[in-house]
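Next come the chains, spelled out residue by residue.
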Amino acid sequence: MKFKNKGRKIYKTKEKNYYGKSTAGKILSAALTLLLLGGIGFLGYSVAEPIINYSKKTGDSDSSDTESTSISETADLSGTLSDEASAVDAVSAEDFCGASLSVSDMTDLSRLTAALRNISDSEGIEYVSVPLKISGGEIYYASQIYEAQACGAVQSELTLDEIVSAIRAEGFTPVAELSLLRDNLLPQTYPDASYKIASDGSNWLDNDSASGGKPWASPFSELTQTYLNSIAGEVAAADFDKIICCDAVFPPFRESDIELLGFDTDSEDFYTALTLVVNQLYSSTTNSGSAMFLEVSAEDLIMGYDDVIQPMLLDVSTLVLDIDFDVLDSGITTDTTLYEFAGTPSENAVKAMDLVQDKLSDYNVIVRLSGDNTDENSLLQAKDAISDLGYSSFIIG
């Protein structure tokens, strides 16, 4: 998979409790909540309504599901969502302001230092985020993990200590970015890390081999799990303050792929596979003293690819929502609906937020606004539009 270099990004966020609740705690909490609501219902609607209104979770919405086909339907969405602003702010605790470097900045120490010194001091930036493992599987630091070296993933001679030291020497706090399962390099060298065709045990490819089809790292593979945990542990031990993990996704399977792989998509093993991988990483990074964010894309959520977001099981409490305007400009098609985004970036951002907000209500949310074909002023205007809805945490670019 080709990594898209989006250049430098500037972002702000506020954080809350990163350590969250355990799985058992979440289940017990949900059970007690159901019992409480049952008791409230028994007392009658006149008593229940004010209690429910008072105890309503931050980010909950009473609006009905939106089936959108035109940007004109979002014209008044800011009024619908802006009442949530104070509630969103109330659950945030720590101001966060940072910039993200590009892959080209990670090739050697001189480029890294130059990029750090080029960060504007007028933005109040405290954190600098660096891409260490990118979509496709390449690694931009001198990883000591044998499998990473053997599969040709390592693309930089920079050590983690050099990266961290350079960032701290310029007065910033280091943050790491890691792509997880959108990895084609590991399973090419280690077939046990890939998805397997049920009939013969061969590697599944995302396209015909003649058309450049590639294998993907599978969350069901113990080798994949061990590899990702080794990388996360290596990075967290290097004193990165925070780690942003993305690409906790299944490939875009067709029904024929599901049959080839012999998956039972209703089974618990399939349903929890992505969440369990993320929770393993969460445990290893937080035990090493780093905080962890999970990045998801608006496109995936709109299309229903939200398998990893399970509030009862997922330990991560902060999500980064990527709204890519290049993707929105092309429209998003599901099995039943074509979602068109024909407005300005600000209007499109509001529409995207309206479509996915219900899936984010259990989390702190950082909104990433990106797009190679969208100018910086438009991105900043979209940031302001989202801010008016109560989302005060951002990544720009």
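Structure first, text after, so check above.
Given the structure is predicted, the values throughout are model-derived calculations rather than measurements.

Enquirer: Describe the environment of Gln155, naming the residues involved and giving the relevant values.
Expert: Mapped onto the fold, Gln155 is located in the loop between α6 (146-150) and α7 (160-169). Gln155 sits in the partly exposed class, given a relative accessible area of 40%. Separated by 49 residues in the primary sequence, Gln155 and Met106 place their C-alpha atoms 9.0 Å from one another. Discounting residues that sit within four places of it in the chain, Gln155 has contacts with Glu138, Ile139 and Tyr140. From its side chain, Gln155 meets the backbone oxygen of Gly152 in a polar contact 3.0 Å long.

Enquirer: I'd like to hear about the pattern of salt bridges, residue by residue, with values.
Expert: The tally for this structure, following the rule as stated, stands at 9 salt bridges. For the salt bridge of Arg168 with Asp239, the shortest nitrogen-to-oxygen distance reads 3.2 Å. Of this pair, Arg168 sits in helix α7 while Asp239 sits in the loop between α9 (222-237) and β5 (242-246), and the two are 71 residues apart along the sequence. We classify Arg168 as partly exposed; its relative accessible area is 35%. Residue class for Asp239 comes out partly exposed when judged on its relative accessible area of 45%. A salt bridge links Lys242 to Asp241; the nearest nitrogen and oxygen atoms lie 3.1 Å apart. Looking at Lys242, the relative accessible area reads 4%, which means it is buried. By relative accessible area, Asp241 is classed as partly exposed at 25%.

Enquirer: How would you explain the state of the cysteines if you had to name every residue and give the values?
Expert: Scanning the entire structure with this criterion turns up 0 disulfides. For Cys245, which is in no disulfide, the shortest distance to another cysteine sulfur is to Cys246 and amounts to 7.7 Å.

Enquirer: Let's hear about the packing of aromatic side chains: which residues, and what values?
Expert: This model, assessed by the stated rule, comprises 12 aromatic pairs. A ring pair is formed by Tyr195 and Phe263, whose centres lie 6.2 Å apart and whose planes are at 75°; its orientation type is edge-to-face. You can see Tyr195 sitting in the loop between α8 (185-189) and α9 and its partner Phe263 sitting in the loop between α10 (255-261) and α11 (268-287), a full 68 residues away along the chain. Owing to a relative accessible area of 1%, Tyr195 belongs among the buried residues under this scheme. An angle of 40° between the planes, with centres 6.3 Å apart, marks the rings of Phe250 and Phe253 as tilted. The pair formed by Phe250 and Phe253 is uniform in burial state, with each residue classed as buried. Residue placement shows Lys351 over the ring face of Phe341; its charged tip is 4.9 Å from the ring centre.

Enquirer: Tell me about α7, residues and numbers included.
Expert: Taken together, the buried positions of α7 are occupied by Leu160, Ile163, Val164, Ala166 and Ile167. Buried positions in α7, seen along its axis, are confined to an arc of 165° and lie on one side of it. Projecting away from the buried face of α7 at angles above 90 degrees are the exposed residues Asp161 and Ala169. Where α7 is buried, its residues contact α5 (109-117), β3 (127-133), β4 (173-179) and α9. Phi turns positive one or two residues past the end of α7, at Gly171, with a value near 90°.

Enquirer: Outline α11, supporting the account with residue identities and numerical values.
Expert: End to end, α11 covers 27 Å across 20 residues, agreeing with the expected 28 Å (1.5 Å per residue, within 8%). Roughly 40° is the biggest bend found in α11, and it falls at Leu274. Positive backbone phi, at 95°, marks Gly289, one or two positions downstream of α11.

Criteria and thresholds
- Residues numbered from 1 in each chain as written.
- Predicted model: local features only at pLDDT ≥ 70, side-chain atom pairs only at ≥ 80, totals over all residues.
- Heavy atoms only, no water.
- Helix = DSSP H or I, 4+ residues; strand = E, 2+ residues; numbered from the N terminus.
- Buried < 20%, exposed > 50% of the residue type's maximum accessible area, 1.4 Å probe, protein only.
- Contact = heavy atoms within 4.5 Å.
- Polar contact = N/O pair within 3.5 Å; in protein donor to acceptor, adjacent residues only side chain to side chain.
- Salt bridge = Lys/Arg side-chain N within 4 Å of Asp/Glu carboxyl O.
- Disulfide = S-S within 2.5 Å.
- Phe/Tyr/Trp six-rings, centres within 6.5 Å; stacked < 30°, edge-to-face > 60°.
- Lys NZ or Arg CZ within 6 Å of the ring centre and 35° of its normal.
- Arc of directions from axis to C-beta.
- Expected span 1.5 Å × (residues − 1).
- Bend = angle between axes of the 7 residues up to and from the residue.

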